[in-house]
Amino acid sequence: MTAAGSAERRLVVLDIDGTVILEDETMSPGVVDAVRAAEKAGTEVMLATGRSWEGTEEILHALGLSPEFVVCSNGAVTLRANADGEYERFHIETFDPAEVLALLGAHLPDAKYMVELADGHRLYTEHLGDWNLANATRVPFADLSAMPVCRVVVVSPGDSEADFVELVERIGLNEVSYAVGWTAWLDIAPQGVDKGTALERVRELLGIDGSQVLVMGDGRNDIGMFEWARRGGGRAVAMAQGPQEVRDAAGEVTGSVQDGGVAAVLTAL
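Residues numbered from 1 in each chain as written. Predicted model: local features only at pLDDT ≥ 70, side-chain atom pairs only at ≥ 80, totals over all residues. Heavy atoms only, no water.

### Description of the nonpolar core
Part 1: Counting residues in each nonpolar core, the largest one holds 34 residues, and the members touching the most others are Leu14, Val20, Val35, Leu47, Leu63 and Met216.
Part 2: Among the secondary structure elements, those contributing two or more residues to this core are strand E1 (11–14), helix H1 (31–40), strand E2 (44–47), helix H2 (53–63), strand E3 (69–72), strand E4 (77–81), strand E12 (213–217) and helix H8 (261–267).
Part 3: Residue contributions to this core peak at 5 residues, all from H1.
Part 4: Setting aside its immediate chain neighbours within four residues, leucine 63 contacts Val20, Met27, Val31, Val32, Val35, Arg36 and Leu47.
Part 5: Leu101, Phe164, Val176 and Val180 belong to the second largest nonpolar core, which has 25 residues in total. (Core = buried A, V, L, I, M, F, W, Y, C linked by side-chain atoms within 4.5 Å. Buried < 20%, exposed > 50% of the residue type's maximum accessible area, 1.4 Å probe, protein only. Helix = DSSP H or I, 4+ residues; strand = E, 2+ residues; numbered from the N terminus. Contact = heavy atoms within 4.5 Å.)

### Details of the pairing of E3
Part 1: On E3, burial covers both faces: Phe69 and Val71 on one face and Val70 and Cys72 on the other are all buried.
Part 2: The pairing of E3 with E4 spans 4 bridges and is antiparallel. Paired with valine 70 across the strands is leucine 79, a residue of E4.
Part 3: Linkage of E3 to E4, two consecutive antiparallel strands, is achieved through a turn of 4 residues, within which serine 73 is found at a positive phi near 55°. (Pairing = 2+ DSSP bridges.)

### A word on helix H4 (residues 161–171)
Part 1: Among the residues of H4, those classed as buried are Phe164, Leu167, Val168 and Ile171. Buried residues of H4, seen end-on, are gathered within an arc of 95° and therefore sit on one face of the element. Those residues of H4 that are exposed and aimed more than 90 degrees away from the buried face are Ala162, Glu169 and Arg170.
Part 2: Residues of H4 that are buried make contact with helix H3 (98–107), strand E9 (149–155), strand E10 (176–180) and strand E11 (185–190).
Part 3: Two residues or fewer after H4 comes glycine 172, characterised by a positive phi angle close to 75°. (Arc of directions from axis to C-beta.)

### Comments concerning the sheet that holds strand E14 (residues 252–253)
Part 1: In spatial order, the strands read E2-E1-E12-E13-E14; together these 5 strands make up an open sheet with parallel pairing. Each having just a single partner strand, E2 and E14 make up the two edges of the open sheet.
Part 2: Both E1 and E12 contribute to a ladder of 4 bridges, which runs parallel. Bridge pairing links leucine 11 to valine 213 in E12.
Part 3: Most of the contacts of helix H5 (residues 195–206) go to E2, to which it runs at about 155°, and overall it touches E1, E2 and E12. (Axes fitted to C-alpha atoms, helices over the stretch in contact; angles between N-to-C directions.)

### Points about the packing of H3 against H4
Part 1: Orientation of H3 relative to H4, taken along the N-to-C sense of each, is 125°, at an axis distance of 12 Å. Compared by their axis directions, H3 and H4 come out oblique. Crossing of H3 against H4: the hand is right-handed. Residues Leu103, Leu104 and His107 of H3 form the contact with H4, whose participating residues are Leu167, Arg170 and Ile171.
Part 2: Of the residues that constitute the contact of H3 with H4, the class distribution is 4 nonpolar, 1 polar and 1 charged. (Parallel < 35°, antiparallel > 145°, perpendicular 65-115°, else oblique. Left-handed = near helix turned anticlockwise from the far one by under 90°. Nonpolar A, V, L, I, M, F, W, Y, C, P; charged D, E, K, R; others polar.)

### Some details on the pattern of salt bridges
Part 1: Counting across every chain of the model gives 15 salt bridges.
Part 2: Residue aspartate 15 is joined to lysine 195 by a salt bridge in which the shortest nitrogen-to-oxygen separation is 3.1 Å. In this pair, aspartate 15 is assigned in the loop between E1 and H1 and lysine 195 in helix H5, connecting sequence segments 180 residues apart.
Part 3: You can call lysine 195 buried: its relative accessible area is 0%.
Part 4: Linking aspartate 222 and lysine 195 is a salt bridge whose minimum nitrogen-to-oxygen distance equals 2.5 Å. Of the two residues, aspartate 222 is situated in the loop between E12 and helix H6 (223–231) and lysine 195 in helix H5; the sequence distance between them amounts to 27 residues. This pair shows no difference in class: aspartate 222 is buried, exactly as lysine 195 is. (Salt bridge = Lys/Arg side-chain N within 4 Å of Asp/Glu carboxyl O.)

Written as structure tokens, this is what we have:
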């Protein structure tokens, strides 16, 4: 599809956790019907998430979505549907995690760590209840640095969100991109990579004008795609329960995930 032929075609990009699903992984009220109605109207609806593909695929199916592209791992991994409708790893960003792991390991020796390799396989140090560990192997901490990775995930249950924000500011993570989650969760990607960088590539391939982009999310890892959408003349909408800095970055706020905020925006299109 050429850019000229799709000037008015709309691209809607949805985060997963806290946007289309609740903490118990049930769907936000009305979101399935709203997504399907948007697709029926000709809108390209896709997901952009911090999750790996293994944790994304089930949500894609639950929503009844089959977009051409899916952005995972906070922009480090973009998948594309092949002729058979199966998703293949289309564009991968990696970095050498040795330095950042050594730095974090010295400050957070009791944290739980996971890395995602270029082929999608994941290595982790300890099991965490809400991690999908399909295609994953438990290894010693030292083995996490053995090869380039798409992302590093650090979870430190004994620390608060504020503790993590303070730690990141104190130790400096200048050679990577990172986002601190609502809990003591740190997600690290290659430098300069976030959901927005991946989505710009997707937007160009789809030939959709930037003014026809709408993105929705709730976390700090969504700020990059909010800024990207707004730079292009599109809309960025934050969920009501998101942190203040996330809502400020979006410029628009909808209802919370519990109140069906995504459905409300899509229904109003």
